[in-house]
Amino acid sequence: MTTSAGASMGRHESRNDADVYTEQLMRHGAPKTGFPDRGTEARLAYQLVHDELMLDGVARMNLATFCTTWAEPEVHKLMDESLDKNMIDKDEYPQTAELERRCVRMLADLWHAPDPAGTAGTSTTGSSEAAMLGGLAAKFAWRERRRSEGRPADRPNFVCGPVQVCWEKFARYFDVEIRQVPLSGDTYFLTPDDIERYCDENTVMVVCNFGQTFTGLFEDVKGISDALDRFQERTGHDIRIHVDAANGAFAAPFVNPDLVWDFRLPRVRSINASGHKSGLAPLGAGWAIWRTEEDLPEDLVFRVDYLGGNEATFNLNFSRPGGQVVAQYYDFVRLGREGYRLVHSALYETAQHLAERISALGPFEVIHGGDPDRGISAVAWRMTGDEPFTPYDLADRLRTRGWLVPAYPLSADRQDEVVQRVLVRHGFSRDMADLLLDDLVRSIEHLRRHPPATSLDQDEAGGFNHGARSAPGPSLGGGGRG
């Protein structure tokens, strides 16, 4: 069969036994600007997309991401078997819904809710959505209380330190002023001393970061709670805490269970976490849990009729896949407390090994070295030596070996200070850590021998750092809204 020049070969015009790269689609290239008129054979479409994806970085070597990049074969099987399950359709998929309820109760138990069986919680597409739900609950509860007292409720704010960009989105999308406390001195996060200056009667919540994006460090949730107790005694203003524990909620309970940061503190009313980070679930798994049912305002709950059932929903998304919840429940059953403890203990050990070696190289000061009392299983450092290159140059050089090790500035009032960070995740072995260290040494030696004529800046170096970027300082006295 022959075709005119430029005509695309449809699926009925290709031969199943032909070499895939001799087919017309592969010779003429992929559709890029317009919707194709005709389809093509599955094997050709697969090969074309597969080949393009080879240009992506290797996820396992992306040490910028907090997200799961390795999972057991059984997780892959469950995800495939759950491909068609819609999480919102609890009437059609009641057992998937039951697994979600079990996960909520398990997490409420893990984080010491007073009544794990009776608390409120939900799965989400990630911790960003879960964080916004926690923020909305705080705003609605504050607004209801202000109105009941006959006071204005039109100028809400929340107080935080350096946070992931989802909180800036929350402030903008839901009309809440963000009071982001600038860094000062040698601090890298919000401290109890900041509470008196930045909180007022319009503060709906203080967001405590339990596993900070920039450095991996924990904020002092208990100290901030104590400071808010003193603030309430002085002013009468009762301000709740929301803990953004996207990264720490699945680590500290197993490796450092005596660290108090969760619902053991009555002022902590809600927690968001990423199941797809230290919870080890595939991408697309997040959790929002409230201390009690009363901490989730009823105004946020919708009762909807959907495909034959009446469902309560308080998600920002509606239809969403159920496989991530199924896989998360598998992880809980598969590992249990002891299994999670073993996994995360190994990660902390690898992080500490990395930190010790990086510190010994000379031009670096380790900010966080995988200490479970201070943060998650991560290593963050800054350059202190007089070197002919910058962290951006070093990050770029490491990319030539496939490693994605981000370099980026700190947040408000410290944006001139550039740090680098490695996330030690499940699947990052001691052997991989040693390979990274070898490449780090080689990269430093290369840059010393061949100093760049002009060093790279942040934009030129590239690299995704999960929203970590310079942020403006707070406005005081209820000025502009975020």
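Placed above this text is the structure.
So, here is what we can say about the structure in this document. Predicted model only: the values in this text are computed from it and were never measured.

**As for unusual backbone geometry**
Right, so step 1: Despite not being glycine, His112 has its phi angle at roughly 65 degrees, a positive value.
Right, so step 2: Summarising the element assignment, His112 is placed in the loop between α4 (94–110) and β1 (121–124).
Right, so step 3: Since its relative accessible area comes to 37%, His112 is described here as partly exposed.
Right, so step 4: One non-glycine residue with positive phi stands out, namely Asp175, at about 60 degrees.
Right, so step 5: Following the sequence through the fold, Asp175 ends up in the loop between α6 (165–173) and β3 (177–180).

**Quick word on the sheet that holds strand β11 (residues 378–383)**
Right, so step 1: Strand order in the open sheet formed by 4 strands is β10-β11-β13-β12, with antiparallel pairing between adjacent strands. The sheet terminates laterally at β10 (364–369) and β12 (407–409), the two strands that pair on one side only. Mean inter-strand twist for the sheet, computed between neighbouring axes without regard to direction, equals 30 degrees.
Right, so step 2: Pairing of β11 with strand β13 (residues 418–423), which is carried by 5 bridges, proceeds in the antiparallel orientation. The partner of Ala378 across the bridge, within β13, is Leu423.
Right, so step 3: Where helix α10 (residues 323–360) meets the sheet, its contacts fall on β10, β11 and β13, and the angle it forms with β10 comes to roughly 165 degrees.

**Things to note about the sheet that holds strand β6 (residues 268–274)**
Right, so step 1: As summarised here, the arrangement of the 7 strands in space is β1-β7-β6-β5-β4-β2-β3, forming an open sheet in which the pairing is mixed. Two strands close off the open sheet at either side, each with one partner strand: β1 and β3. Along the sheet, successive strands turn relative to each other by an average axial angle of 20 degrees, direction set aside.
Right, so step 2: Each of β1 and β7 (286–290) is contacted by α4, which is oriented at about 60 degrees to β7, the strand it contacts most.
Right, so step 3: Across the sheet, helix α8 (residues 221–235) is in contact with β4 (203–209), β5 (240–244) and β6; its angle to β5 comes to roughly 165 degrees.

The rules behind each value
Residues numbered from 1 in each chain as written. Predicted model: local features only at pLDDT ≥ 70, side-chain atom pairs only at ≥ 80, totals over all residues. Heavy atoms only, no water. Helix = DSSP H or I, 4+ residues; strand = E, 2+ residues; numbered from the N terminus. Buried < 20%, exposed > 50% of the residue type's maximum accessible area, 1.4 Å probe, protein only. Pairing = 2+ DSSP bridges. Axes fitted to C-alpha atoms, helices over the stretch in contact; angles between N-to-C directions. Contact = heavy atoms within 4.5 Å.

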